[in-house]
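# Topology and contacts: notes
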Amino acid sequence: MMKYKKFSLIELLVVIAIIGILTSILLPVLSKGRQKAFQVSCANNIRQIGTAAFMYSEDWEGLFPFDYSGDSSIKALTKNGFMEPSLGNWVPAAAQCPMGLDVSADGWKSNVAMNWKFDPKSSFNTGSDFFLSSGTGSSERMVYMDSYNAWDNIYKGYFTTDKIFHSDKKTRIARHQNKANVYFQDGHLAALSGVTLLTFASTYDQKFWRNDW
Ligand SMILES: [Zn+2]
């Protein structure tokens, strides 16, 4: 019969210490991977909303999806069957950023906002209620993006600059490792840094959105 040598206390402590060191090295890496996975999942969500908006506008002679009863762009998509309102009250699952506040609690909020300039009733809309466009500036024109909307029923882009790097990670807009996912009018999606977003906020009226169209 073989005789096993027992670990001494010191050997055991050394092993525990090594495991501790390895864990402390690995955890930040794993956490970063997790953050990245959330960002990708959020990007897919917003892309889904963008695709639905494109489909909507094809059916409605280029009209941007907007609920003329006064609500939201995303609600217009679910109301008209372009997305499934799986969170209840017309909110689709794609409107929930995995890093954002839980919007399923009341069912009227969204973590994705639309560019307010697309609101036909907005004073910032220059009369262009189109959506499908590959015209000048469409690759720079934000349509939907990571956001937090505290307003019931309105999913428009009501942001203030202090929300970009808000201390509460769930309400901050640049919540994906200091970046936010943005869907552009030409159909591409990019993660823009909060610092870049700040440069768009040149005046009160233009917060977050390019105003050069
Ligand atoms: Zn997000």
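This text gives an overview of the structure that appears in the document. (Residues numbered from 1 in each chain as written. Predicted model: local features only at pLDDT ≥ 70, side-chain atom pairs only at ≥ 80, totals over all residues.)

Our next topic: the sheet that holds strand 1 (residues 112-114). Taken in spatial order, the four strands make up an open sheet running 1-2-3-4, and their pairing is antiparallel. The sheet is open, and its two borders are formed by strand 1 and strand 4 (189-193), each paired with just one other strand. Across the sheet, the mean angle separating the axes of adjacent strands is 30° when strand polarity is ignored. With three bridges joining them, strand 2 (residues 142-146) and strand 3 (residues 179-184) adopt antiparallel strand pairing. When the sheet's bridge partners are listed, Met-145 is paired in strand 3 with Val-182. (Pairing = 2+ DSSP bridges. Helix = DSSP H or I, 4+ residues; strand = E, 2+ residues; numbered from the N terminus. Axes fitted to C-alpha atoms, helices over the stretch in contact; angles between N-to-C directions.)

Next up on the list: the environment of Thr-51. Secondary-structure assignment places Thr-51 in helix 1 (residues 9-59). On the basis of neighbour count, Thr-51 is assigned to the partly exposed category, with 15 C-beta atoms found within 10 Å. Note: C-alpha distance between Thr-51 and Phe-82 (31 residues apart in sequence) is 9.3 Å. (Buried ≥ 20, exposed ≤ 12 C-beta atoms within 10 Å, placed from the backbone.)

The next thing to look at is the pairing of strand 2. Among the five residues that make up strand 2, five are buried, leaving the element largely enclosed by the rest of the structure. Across three bridges, the pairing between strand 1 and strand 2 is antiparallel. Across the sheet, the residue bridging to Ala-113 is Met-145, located in strand 2.

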